[in-house]
Amino acid sequence: MTGLRRMLAGVLVGVIAGGHALAATGGVLSIAVSTAAPAVGDPVIVEVAANGTVDNLVLRWKDAAWPMREAGPGRYEGLIGVDLDDPEGPAAVAAEGFLDGARVRAEASLTISPRTFAVQELTLPKGMAEFDGATLRRIGKEAAELSRRFSRVTPPRWRTPFLPPVEEYRPANFGDRRVINGDPRMPHSGVDIRLPEGTPVRAIADGRVAFAGEQFFGGRSVVIDHGAGVFSVYYHLKEFAVAEGQAVSRGDRVGSVGATGRATGPHLHFGVRVPGGRVDPTRLFALPGR
Ligand SMILES: [Zn+2]
């Protein structure tokens, strides 16, 4: 029994003991989650098992359907997340498909717990905090282009354990609420890792380069699509070691730490998106492997 299976089994028992609903239609499809009580910003592994091959299996989470990874005969794995801006409270994740022509479904209840993020109040000279029309248009165009790429759903290529993007992984600032000159800004959607310029940056899992280009905020930026709605984001790079469309393997060099774009000094801004939103990368690396 691997660590993940052991942990999932433990959670299953815990979920039932806690009185939460955990149903398998007709007893043929079962679902287990790596945690039934994720905090805001947490990733959650979902494991589905069936006594046969499930056709057209999808994971339903936050009003969308996502493909699952086949982990073995009759075993499937999915990765979802609670966005760093989501409210606390009850939620449900479900698996649906067809087994021997009959529709099957299983659902797991989650209770999302709150998480407190740091608030950073900054006072900046007007020129650094406000942008002219042309810059604002560029920022808007870049954001729209990235969300278009994030909306693509490709076959799953990720697997646990994920590899931290740098050897000395010292994350800071996840989810920070920034208030600049009294105006609340977007929460900080990733972690910042201060490292010397030129430090190698590597892919956290297998995937394909969905974006490699220059951005106003991110500078030299790389986005890797790991399939099934899982993406990793690397900003402020000194140089690229990959090109758009290229397939990458876990651990492949994608570039090196720099200070391009809006950066006050050399550091890697690293972020992760999974179905459901932006999650804390540090919690992703803490997920058990198999
Ligand atoms: Zn950052």
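This structure is a prediction, so every number in the text was calculated from the model and none was measured.

(A) Spatial organisation of the overall build of the chain. Counting its secondary structure elements, the chain contains four helices and 21 strands. Relative to the 2.2 N^0.38 estimate, which gives 19 Å for 290 residues, the radius of gyration of the chain is 20 Å and therefore close to what a compact globule would have. Dimensions of the chain along its principal axes, counting C-alpha atoms only, are 65 × 40 × 35 Å. Residue burial in the chain is summarised as follows: out of 290 residues, 48% are buried. For the chain, contacts bridging at least 24 residues in sequence account for 69% of all contacts bridging at least 6. About 13,300 Å² of surface is accessible on the chain, with carbon and sulfur atoms providing 54% of the total. Averaging the positions of the 34 positive and the 31 negative side-chain charges in the chain gives two centres separated by 2 Å.

(B) Fine view of the coordination of the zinc ion. Coordination of the zinc ion by the protein comes from H188 (NE2), D192 (OD) and H269 (ND1), over a distance range of 2.0 to 2.2 Å. When the donors of the zinc ion are listed by position in the chain, the intervening gaps give H-x3-D-x76-H. One end of the pair, D192, is in strand 13 (residues 191–194); the other, H269, is in strand 20 (residues 267–274), and 77 residues separate them in sequence. With relative accessibility at 8%, the residue H269 sits in the buried group.

(C) Representation of the environment of G245 in the model. Relative to the elements of secondary structure, G245 occurs in the loop between strand 17 (231–240) and strand 18 (247–248). Here G245 falls in the partly exposed class, since its relative accessible area comes to 38%. Setting aside chain neighbours within four positions, we find G245 in contact with R208 and V209.

(D) Spatial organisation of the domain arrangement of the chain. Each domain of the chain was delimited in the assignment, giving domain 1 (3–112) and domain 2 (119–285). In this structure, domain 1 and domain 2 have C-alpha centres spaced 28 Å apart. Taken residue by residue, the interface counts 21 residues in domain 1 and 25 residues in domain 2. Of the roughly 1,800 Å² buried at the junction of domain 1 and domain 2 (both faces included), carbon and sulfur atoms supply 65%. Interface area lost by domain 1 to domain 2 is led by R69, L79 and L84, which between them contribute 38%. D85 serves as the salt-bridge partner of R278, at 3.7 Å between the closest nitrogen and oxygen. One can count ten residue pairs in polar contact (both at pLDDT 80 or more) joining domain 1 with domain 2.

(E) Up close: the packing of aromatic side chains. Per the stated rule, a full pass over the model turns up nine aromatic pairs. Judged by centre distance (5.3 Å) and plane angle (80°), the ring pair of F131 and F216 falls under edge-to-face. Residue F131 is found in the loop between helix 2 (126–129) and helix 3 (133–150), and its partner F216 is found in the loop between strand 15 (207–215) and strand 16 (219–225); the two are separated by 85 residues along the sequence. Under the relative-accessibility criterion, F131 is labelled partly exposed at 22%. Note on F131 and F217: the rings are 5.9 Å apart at their centroids and 75° apart in plane angle, and the pair reads as edge-to-face. Of this pair, F131 sits in the loop between helix 2 and helix 3 while F217 sits in the loop between strand 15 and strand 16, and the two are 86 residues apart along the sequence. Counting every residue linked through ring pairs, the aromatic cluster contains Y169, Y234, F270 and F285. The cationic tip of R69 hangs over the ring face of W158; the distance from NZ or CZ to the ring centre is 5.5 Å. The ring of F150 carries the charged tip of R273 above its face, separated from the ring centre by 4.3 Å.

(F) Expanded view of the sheet that holds strand 6 (residues 69–72). Spatially, four strands are ordered 2-3-7-6 in an open sheet, and the strand pairing comes out antiparallel. Each having just a single partner strand, strand 2 (29–33) and strand 6 make up the two edges of the open sheet. Averaged over all pairs of adjacent strands, the angle between strand axes in this sheet comes to 30°, irrespective of strand direction. Relative to strand 3 (residues 43–50), strand 2 runs antiparallel, the two sharing five bridges. Following the sheet pairing, A32 is matched in strand 3 by E47.

Definitions and limits used
Residues numbered from 1 in each chain as written. Predicted model: local features only at pLDDT ≥ 70, side-chain atom pairs only at ≥ 80, totals over all residues. Heavy atoms only, no water. Helix = DSSP H or I, 4+ residues; strand = E, 2+ residues; numbered from the N terminus. Rg over C-alpha atoms; globule rule 2.2 N^0.38 Å. Buried < 20%, exposed > 50% of the residue type's maximum accessible area, 1.4 Å probe, protein only. Contact = heavy atoms within 4.5 Å. Areas by Shrake-Rupley, 256 points an atom, 1.4 Å probe, with all protein chains shown as cover. Lys, Arg positive; Asp, Glu negative; His and termini not counted. Charge placed at Lys NZ, Arg CZ, Asp CG, Glu CD. Donors = N, O, S within 2.8 Å, 3.2 Å for Na, K, Ca; no water. Domains from an automatic or database assignment. Buried area = accessible area lost by both parts, 1.4 Å probe. Salt bridge = Lys/Arg side-chain N within 4 Å of Asp/Glu carboxyl O. Polar contact = N/O pair within 3.5 Å; in protein donor to acceptor, adjacent residues only side chain to side chain. Phe/Tyr/Trp six-rings, centres within 6.5 Å; stacked < 30°, edge-to-face > 60°. Lys NZ or Arg CZ within 6 Å of the ring centre and 35° of its normal. Pairing = 2+ DSSP bridges. Axes fitted to C-alpha atoms, helices over the stretch in contact; angles between N-to-C directions.

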